[in-house]
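Tertiary structure, described
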Amino acid sequence: MAAKSPADGTPRRPVLSVSARKIKDNAADWHNLMMKWERLNDNGFTTANKIVNMKISEQFQDNKLEIACDNSATESEKPTPKYNEELDNCCAELLQTLKHMTKIQLKMEKLTSTTKAICDLETFHHGAGKCTAPFFHTWPTPYFFEVSLKLSEMYKKELQLKQTIVQDIAHSADQDLMMVYLSSWLYQPYIENSSKLLLEAMLLETGHRQC
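Cut-offs used in this document
Residues numbered from 1 in each chain as written. Predicted model: local features only at pLDDT ≥ 70, side-chain atom pairs only at ≥ 80, totals over all residues. Heavy atoms only, no water. Helix = DSSP H or I, 4+ residues; strand = E, 2+ residues; numbered from the N terminus. Buried < 20%, exposed > 50% of the residue type's maximum accessible area, 1.4 Å probe, protein only. Contact = heavy atoms within 4.5 Å. Areas by Shrake-Rupley, 256 points an atom, 1.4 Å probe, with all protein chains shown as cover. Axes fitted to C-alpha atoms, helices over the stretch in contact; angles between N-to-C directions. Left-handed = near helix turned anticlockwise from the far one by under 90°. Nonpolar A, V, L, I, M, F, W, Y, C, P; charged D, E, K, R; others polar. Salt bridge = Lys/Arg side-chain N within 4 Å of Asp/Glu carboxyl O. pLDDT = per-residue confidence, 0-100. Core = buried A, V, L, I, M, F, W, Y, C linked by side-chain atoms within 4.5 Å.

So, on to the overall build of the protein. The helix and strand inventory of the protein stands at five helices and zero strands. From first element to last, N terminus to C terminus, the protein shows the α and β order α-α-α-α-α. The proportion of buried residues among the 211 residues of the protein is 33%. In the protein, the share of contacts with a sequence separation of at least 24, taken over all contacts with a separation of at least 6, comes to 87%. Carbon together with sulfur atoms contributes 56% to the accessible area of the protein, which is approximately 13,900 Å² in total.

Okay, here's the thing in structure tokens:
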């Protein structure tokens, strides 16, 4: 009796279809984009915090200056606001962070549209309404699109909020509003806690995570 080669005793991994490989790649891309977003969010918060501290410090100095000035001074005699180069640099830095986040959100939308195209292709091949075997474990193909769309919408709304914060944070004179902007940037109200669960479930389903 012929001896079995080592390869014969090793269970073969199933060969993934082109669509399954693409969905698996998309899941890895989602993970990478969400991690990049979090790093940018931390960097943006640090910059926004500097802006708010500078604005509060400026207001304090301006108030002291106003008290020190003679009430009879004419408008032309009152000191003009000084140009703050550091504040300007921080604003530019925050704007740059927003641009990077915008690129990430656009890539998320592209991943979602790619997943939708795979779903449409599967429907075309197998016919609408017919149950097809899952690519991996249990998820039907349309569920990958549902999860992608849900995540994409969260980040789209969060980006819109961040655009508002970047536009207003350096121009606001209301300290309470500035603190609301800071808190909103850090805690990202539109990105629900379920986003991490959805990502982990997708990574588990596609084999990037092990049980």
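Now that the structure is up, let's keep going.
As a rule of thumb, non-glycine residues mostly have phi less than zero, and peptide bonds are mostly trans rather than cis. Positive phi is not limited to glycine here, since Gln188 has a value of about 50 degrees. Secondary-structure assignment places Gln188 in the loop between α4 (175-187) and α5 (194-205). By relative accessible area, which is 6% here, Gln188 ends up buried.

Time to look at the packing of helix α3 (residues 141-168) against α4. One way to put it is that α3 packs onto α4 with a least axis distance of 10 Å and a crossing angle of 145 degrees. For the crossing formed where α3 meets α4, the hand is left-handed. Together, Glu158, Leu161, Lys162, Ile165, Val166 and Asp168 of α3 and Tyr181, Ser184 and Trp185 of α4 make up the contact between the two elements. Residue composition of the contact of α3 with α4, by class: five nonpolar, one polar and three charged.

Once that is clear, we can look at the pattern of salt bridges. All told, the structure shown has three salt bridges when counted by the stated rule. Glu200 is the salt-bridge partner of Arg209, the closest N and O atoms lying 2.8 Å from each other.

Turning our eyes to something else, we now look at the confidence of the model for the protein. Looking at the protein as a whole, its pLDDT mean stands at 85, while 77% of the residues score no less than 70. Per-residue pLDDT, averaged within each element of the protein, yields its smallest value for helix α1 (residues 18-68) (87) and its largest for α3 (97). Considering only residues more than four positions removed or in separate chains, one finds that residues 9-13, a stretch of pLDDT under 50, has one contact.

With that out of the way, let us pick up the nonpolar core. Residues Trp30, Ile169 and Met202 are the most contacted members of the largest nonpolar core, which totals 44 residues. Elements with a minimum of two residues in this core: α1, α2 (85-126), α3, α4 and α5. Every residue in contact with Ile169, bar those within four places of it in the chain, is listed here: Ala48, Ile51, Val52, Lys55, Leu94, Met178 and Tyr181.

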